[in-house]
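Now for the letters of each chain:
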Amino acid sequence: MTNMKITKKTIEELRKKGSQRIPKTIQLSQGAGGSMMESLIENVIAKKLEIKSSFVSSGIDRLEDAGIIDLGNIKLAFTTDGCTVDPMFYPGGSLGSLSVGATINDLVVMGAKPIAISFGLMLEEGLPLKILEKTLDRMAKVCKEAGVPIITGDTKVMEKGKIDKLVINTAGIGIIEGDIISDYGAKPGDKILVSGTMGDHGISLIALRFGFKTSLKSDEAQLWGMMKQLFKIKGITSAKDATRGGFSPNINELARKSNVCFYVYEDKIPIKPEAKKLGEVLGIDPLSTACEGKIIMTVKPDKADEILAAMRQNKYGKEAAIIGEIKKEPKGQVILETEIGGKRVLHTPVGELYPRIC
Amino acid sequence: MLEFRDKSTTQDLIKEIEKINSRENIRIMHVCGTHEMTIVRWGLRKLLPKNIKLICGPGCPVCVTSASEIDFAVKLVKEKEVILTTFGDMFRVPGTILSLSEVKSQGADVRIIYGIDEAIKIARKTDKEVIHFSIGFETTAPSIAAEILENQTLKNFSIICSHRIIPPAMKYILSCKDIEINGFICPGHVSTIIGCDPYKILAKKFVKPMVISGFEPNDVLLSVLIILRQIKNKESKAENEYNRVVKNKGNIIAQKIINNVFEICDKGWRGIGTIPNSGLKLKNKFAKFDAEKRFGIKIKKSQDIKPGCKCGEIMKGKAMPQDCPYFGKSCIPENPTGACMVSIEGACYIAYNYS
């Protein structure tokens, strides 16, 4: 038996080569927050749309949660989200609240104060007016809580069957008054924090689909109120909201972009016992399924306790925790020390989460 | 259950393993995807002494499903106006040309389900033909058989019967001359159905230690320790570490249901070849549930694996993923050549993601 030694470098090169092979027709896996989606965005979407401008200090090529417009004395963050969820209303949230919450969170993880939101509604012919009204109420409620106005919008109606009930696009603009926070900023020695329990949204929706009775609900939340307090302390070096795909792909993205090792202690990651148990029953890893109101961030070590305390003051950060620290090597990887003391690489899932058969 | 995940118990087990370890190379094969998940999920390989290797055998039902069975499913759902249901990990496995995921993106009606009862529900609500791509070992076969027995009047439902059974595959591997395996971790789930007797016969015939193991990390470590003890004492017994669940005679009701509906047949295992008496096919009286007979679709003989792909050798424990010329080059999780790169239980997928 030969035993070819594959080094970290060759694996990285192979990954890069491999990720350039993209299926000829769009597949569901390419929208699931895993490596197939990253590959589509990096190699097709961002490549085709990359246009340089002197006003833009962080454009689509950086693949951040928002782009940055630099007007000299004013810096703006600008982001957009397309939202579709089935069912449209679920315990803990709804399509409407999700659509604006996601945009607000994309702005705040860049260090921005959200100042205005726009929407685009695509409605299917035959959608009950009540559903539309209820959705708009949910959107308005979240925006009121965050103190962010919706200032413009667009509405289209499409023929029955051409779109599924209701699809919402939102865009948001925010002003950066302090430091820009970027995915690329984690440094060795920094501490890793999460703002609460992982996987609640994804696991609760899957449980709903399979008719499991559970008190678990979506963790949907806009996090401007919490982040505003953290900005005052300063010391956040990188941040990301753990939405599609959840913890695993998002922490991997931070590790890859910052080119450092994220060393995480599994027993420190907050996961609700019910999410853990349901995850095991359903064969779904809570670390690889969506959150809708949680942030993963790295902070300077001397600020970690202060930031953690401030997070826990907020109603959306009560279960925040320090879960690990940044090391130099192996670069670009997330290493998980398991609860029994073993070690493994925590990787980015490929595509959709499938239940395992046995 | 907590003691099976308790860190201090883990440390005690590792100490015992180190105490008994002879420093000779020991290769222990398991034949269950869930054992591989446990090993990877908890980082067990890093905890064990370097000379003890845990080898992943043909225990992933997705990986061993032959390309011709996938080609048949692809052709069926592409050419006929039917609904095909499948378990999630089967979705992206490549056939000779296409996977079910690709044919779905071209417009075919492929649906991912958790259990066969969902396929039955779909069939009850539609006039279309519903075909379930039925894979799995002794663990999944009883539920499929039970649904067929209960739904004999259902007119628009059938299965692609791709069931395989484990003991003949273990026997085949043990019969290969150049295989160096010092012991087996036997599959806990399969054993809840078939019991302990099949392993007793194999352990005696091939003079190998065997332990039926549970799926918590300390279950697997305890099983490794039991195998090492047997090796030290020059024993070759089939022991049951998972006796809180697995009974000596197994689940007799489930065995009866399987025998009512299925009969044993020879079966091709992807990358390995035909293993005598290793498959299950529907008995003649249930022929109307057999999609192959029902639709009369013929497919050309499929190339199971691309020439040069080492999936088969890897599943026999004769090669490591890194020995394959395609590994990490043309064969990656996003675009797999061989089945072992698709399933999260596959040896190549695991080696690629965790090396």
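Keep in mind the model is a prediction, meaning the values are calculated, not measured. Starting from 1, residues in each chain are numbered consecutively following that chain's sequence as written. Lettering for chains starts from A, numbering for ligands starts from 1, and both go in the order in which the items are written. Only residues with pLDDT of at least 70 get local features here, since the model is predicted, and only at 80 or more are side-chain atom pairs given and counted; chain-wide, interface and lining totals rely on the full set of residues.

When its secondary structure is counted, chain B shows 16 helices and eleven strands. The C-alpha atoms of chain B give 21 Å as radius of gyration, which agrees with the globular expectation for 355 residues (20 Å, within 12%). Principal-axis analysis of the C-alpha atoms gives chain B an extent of 65 × 45 × 40 Å. Between the buried cut of 20 or more and the exposed cut of 12 or fewer other C-beta atoms within 10 Å of a residue's own C-beta lies the partly exposed class, and all C-beta atoms are placed from the backbone. Per-residue burial for chain B yields a buried fraction of 56% across its 355 residues. In this description a helix means any DSSP run of H or I spanning at least four residues, a strand means any run of E spanning at least two, and both kinds are numbered starting from the N terminus. In this treatment the radius of gyration is a C-alpha quantity, and the globule benchmark scales as 2.2 Å times the residue count to the 0.38 power.

The next thing to look at is the overall build of chain A. The number of helices and strands found in chain A is nine helices and 15 strands. For 358 residues, the compact-globule formula gives about 21 Å, and the C-alpha radius of gyration of chain A, at 20 Å, lands near that figure. With the C-alpha coordinates of chain A rotated into their principal frame, the extents come out at 65 × 55 × 45 Å. Put simply, chain A has 358 residues, and 46% of those count as buried. Throughout, a residue-residue contact means that the two C-beta atoms, derived from backbone geometry, are no farther apart than 7 Å. Counting only contacts in chain A whose residues sit at least 6 apart along the sequence, the fraction spanning at least 24 positions is 81%.

So, about the packing of helix 9 (residues 166-175) of chain B against helix 11 (residues 197-206) of chain B. All names here are of chain B. One way to put it is that helix 9 packs onto helix 11 with a least axis distance of 11 Å and a crossing angle of 10°. By the angle between their directions, the pair helix 9 and helix 11 is classed as roughly parallel. Residues Pro167, Met170, Lys171 and Leu174 of helix 9 form the contact with helix 11, whose own contacting residues are Pro198, Leu202 and Phe206. As a working rule, the residues Ala, Val, Leu, Ile, Met, Phe, Trp, Tyr, Cys and Pro are called nonpolar, Asp, Glu, Lys and Arg charged, and the rest polar, with Gly in that last group. For the contact of helix 9 with helix 11, the residue count by class is six nonpolar, no polar and one charged. Simply put, an axis is a line fit to the C-alpha atoms, just over the touching stretch for a helix, and the angle between two N-to-C directions goes from 0 to 180 degrees. Every angle not falling under 35 degrees, over 145, or within 65 to 115 is termed oblique; those three ranges are roughly parallel, roughly antiparallel and roughly perpendicular.

Right, let's get into helix 13 (residues 252-261) of chain B. Residues and elements named next belong to chain B. Three or more residues of helix 13 are buried, namely Ile257, Ile258 and Val261. Take helix 13 and look down its axis: the buried residues cluster within an arc of 100°, on one side only. Facing away from the buried surface of helix 13 by more than 90 degrees, the exposed residues are Ile252 and Lys256. Of the surrounding secondary structure, the elements contacted by the buried residues of helix 13 are helix 8 (141-150), strand 10 (262-269) and strand 11 (273-282). Directions pointing from the helix axis toward each C-beta atom define the arc.

Before going further, it helps to examine the packing of helix 8 of chain B against helix 13 of chain B. Residue and element names in this part refer to chain B. The N-to-C vectors of helix 8 and helix 13 enclose an angle of 60°; their axes lie 8 Å apart at closest approach. Here helix 8 lies oblique to helix 13, going by the angle between them. Considering only the axes of helix 8 and helix 13, their crossing is left-handed. Together, Ala141, Pro142, Ala145, Ala146, Ile148 and Leu149 of helix 8 and Ala254, Ile257, Ile258, Asn260 and Val261 of helix 13 make up the contact between the two elements. Of the residues in the contact of helix 8 with helix 13, the class split is ten nonpolar, one polar and no charged. By convention, the crossing between two helices is left-handed when the near helix turns anticlockwise from the far helix through less than a right angle, and right-handed when the turn is clockwise.

What follows is about the confidence of the model for chain A. A residue's pLDDT is simply how confident the predictor is in it, with values from 0 to 100. Chain-level statistics for chain A give a pLDDT mean of 89 and a share of 91% at 70 or above. Taken together, the stretch residues 1-12 of chain A has pLDDT below 50 and engages in 15 contacts with residues farther than four places along the chain or on a different chain.

All names here are of chain A. A pair of strands is labelled paired if DSSP reports no fewer than 2 bridges between them. If you walk across this open sheet you meet the seven strands as 10-12-9-13-11-14-15, and the pairing is mixed. Each edge of the open sheet carries a strand with a single partner, namely strand 10 (236-241) and strand 15 (343-346). Averaged over all adjacent pairs, the angle separating strand axes in this sheet is 25°, with direction ignored. Looking at chain direction, strand 11 (residues 261-265) and strand 13 (residues 321-327) are connected through four bridges and run antiparallel. Its bridge partner being in strand 13, Val264 is matched across the sheet by Gly324.

Once that is clear, we can look at the environment of His132 of chain B. Residue and element names in this part refer to chain B. By the secondary structure assignment, His132 is in strand 5 (residues 129-136). Each C-alpha atom, one on His132 and one on Thr86, is 6.0 Å from the other, the two residues being 46 residues apart in sequence. Ignoring sequence-local partners within four residues, the contact set of His132 consists of Thr85, Ile116, Ala119 and Ile159.

Take the nonpolar core next. Within the largest apolar cluster, 117 residues are counted, with the highest numbers of intra-cluster contacts made by Ala73, Val77, Leu84, Val224, Cys340 and Cys348 of chain B. Dropping the residues within four chain positions of it, Leu84 of chain B is found in contact with Ala73, Leu76, Val77, Asp109, Val110, Ile131 and Phe133 of chain B. Of all hydrophobic cores here, the second largest spans 66 residues; its members include Leu107, Ala221, Ile251 and Val299 of chain A. Note on terminology: a nonpolar core is any set of buried Ala, Val, Leu, Ile, Met, Phe, Trp, Tyr and Cys residues joined through C-beta atoms within 7 Å.

Let us look at the environment of Pro61 of chain B. Residue and element names in this part refer to chain B. Summarising the element assignment, Pro61 is placed in helix 4 (residues 61-64). Looking at Pro61, the number of C-beta atoms within 10 Å reads 25, which means it is buried. A sequence separation of 75 residues divides Pro61 from Gly136, and the C-alpha atoms of the two residues are 5.2 Å apart.

Here we take up the sheet that holds strand 11 of chain B. All names here are of chain B. Reading across the sheet, the six strands line up as 4-3-5-6-11-10 and stay open at both edges, with mixed pairing between neighbours. Every interior strand has two partners, whereas the edge strands, strand 4 (109-112) and strand 10, have only one. The mean inter-strand angle of the sheet, taken between neighbouring strand axes irrespective of direction, is 25°.

Residue and element names in this part refer to chain B. Here strand 8 (residues 210-213) shows no split at all, with Met210 and Ile212 on one side and Val211 and Ser213 on the other all buried. Note: strand 7 (residues 183-187) against strand 8, four bridges, orientation parallel. The partner of Pro187 across the bridge, within strand 8, is Ser213. As judged from the three bridges shared by strand 8 and strand 9 (residues 238-240), these two strands associate in the parallel manner. Along strand 9, the bridge assignment pairs Val211 with Glu239. We call a crossover right-handed when, viewed with both strands directed away from the observer, the connection leading from the first strand over the helix to the second proceeds clockwise. The handedness of the strand 8 to strand 9 crossover, carried by helix 12 (residues 217-232), is left-handed.

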